[in-house]
Structures are given as structure tokens and as C-alpha cells.
Amino acid sequence: MKLNLLVLITTGLVFIQFQTKAQSSAWSSPPSVNSLKNPVPSDPVSVKAGKKLYEANCTPCHGNKGKGDGIAAASLSPKPADHTSQTVQKESDGALFWKLSEGHNPMPSY
Ligand code: HEC
């Protein structure tokens, strides 16, 4: 009886550890995309146009400030990325372009 309980607890712990590991595995882009150059210059016109597209398409999941806390975020797994985080801020333009072109369920492709 005691042994069965121990086996059950151990199995549970191994399972939890496996789940945590699976969730922490990051969504990575192929290294080759890092050399892609953004053809759009960063200026007030492009920033304004980007903001408009972001508000229309991305805020439901990523939130008004890009924190990953949009209205649909609560029901999603994995959670939408926090675009203000170090991890996302450090990504190359090519990697970001690749990710939003490809999508990654539940993140749609654009
Ligand atoms: C339906 C919800 C949803 C919408 C709408 C959405 N995303 Fe996402 N996005 C996600 C989720 C969920 C992830 C995390 C996916 C993962 O980690 O597997 C994500 C991840 C990302 C990432 C990856 C961040 C990183 O560095 O790993 C980028 C970039 C991104 N989204 C940009 C956008 C942009 C730009 C838009 C709008 C054009 C957008 N997303 C719209 C749900 C969404």
C-alpha cells in the first residue's frame, strides 16, 4: 500500500517535470533568417502604419501594450508572447518576420 503511493507520487513528479520542460522549450526560428534585412525604414510613417496593424490584428492576444495580456490570452496555451520582454526584444528582425509569417498554434500566420 505504502509502496504503491510512493510509486504514484514519483510518477506524478516525473510527469510534472516533463510537462514543465515541454512548456519551457522556446519557439525558435531557423538561424538562416537572422540575416534578413528589414526593407521598411523605421520612421514616423512606418511606425504609425505598424501601430495601426498591430492594434487591429495583434492586441486581442498580445494586449494593448504588447505584454501578452490581451482579452483572448487567458484561454490560450501556450500564452501569447510578451513583446516587451528581453527575449522578444533581442530577436532579430528576420526572426520576428519568420515567426509572424509562419505562426505557431494558437498564434495565426500573417
Ligand atoms: C490568437 C492569438 C494571437 C494573435 C491574434 C497574435 N498572436 Fe502572436 N503569439 C500568440 C501566441 C500564443 C504566441 C506564443 C506561441 C508559442 O510560444 O508557441 C505568440 C507569439 C508571437 C511571437 C513570437 C515571440 C518570440 O520571440 O518567440 C511574435 C513575434 C508574435 N506573436 C507576433 C504577433 C504579431 C505581430 C501579431 C499580429 C500581427 C500576433 N502575434 C497576433 C498568439 C497570438
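Residues numbered from 1 in each chain as written. Predicted model: local features only at pLDDT ≥ 70, side-chain atom pairs only at ≥ 80, totals over all residues. Heavy atoms only, no water.

The omega torsion across Ser77 and Pro78 is -5°, close enough to zero to call that bond cis. Checked against the element boundaries, Pro78 lands in the loop between α3 (59–62) and α4 (86–89). The linkage connecting Asn105 with the following residue, Pro106, adopts the cis geometry, with an omega of 10°. With respect to the element layout, Pro106 can be found in the segment after α5 (93–102). (Helix = DSSP H or I, 4+ residues; strand = E, 2+ residues; numbered from the N terminus.)

With that settled, the discussion passes to the coordination of the iron atom of the ligand. Surrounding the iron atom of the ligand are the protein donor atoms His62 (NE2) and Met107 (SD), which sit 2.0 to 2.1 Å from the metal. According to the relative accessible area criterion, Met107 is partly exposed, its value standing at 23%. (Donors = N, O, S within 2.8 Å, 3.2 Å for Na, K, Ca; no water. Buried < 20%, exposed > 50% of the residue type's maximum accessible area, 1.4 Å probe, protein only.)

Another aspect to go through is α5. For α5, every residue scored as buried is listed here: Gly94, Ala95 and Lys99. Buried positions in α5, seen along its axis, are confined to an arc of 130° and lie on one side of it. After α5 finishes, the residue Gly103 shows a positive phi value of roughly 75°. (Arc of directions from axis to C-beta.)

Quick look at the side chain of Lys99 now. Following the sequence through the fold, Lys99 ends up in helix α5. Given the relative accessible area of 11%, Lys99 is considered buried. Not counting residues within four places of it along the chain, the set of residues in contact with Lys99 comprises Trp27, Ser28, Ser29, Glu91 and Met107. (Contact = heavy atoms within 4.5 Å.)

With that settled, consider the site of the ligand. The full set close to the ligand counts 21 residues, and Cys58, Cys61, His62, Glu91 and Met107 are the nearest of them. Within the contact set of the ligand, an oxygen atom lies 2.4 Å away from a side-chain nitrogen or oxygen of Glu91. Within the contact set of the ligand, an oxygen atom lies 2.5 Å away from a side-chain nitrogen or oxygen of His104. At the level of elements, α3 and α5 are the ones that each hand at least two residues to the shell around the ligand. With three residues, the single largest contributor to the shell around the ligand is α5. Its residues assigned to classes, the shell around the ligand shows 14 nonpolar, four polar and three charged. (Near = heavy atom within 4 Å. Polar contact = N/O pair within 3.5 Å; in protein donor to acceptor, adjacent residues only side chain to side chain. Nonpolar A, V, L, I, M, F, W, Y, C, P; charged D, E, K, R; others polar.)

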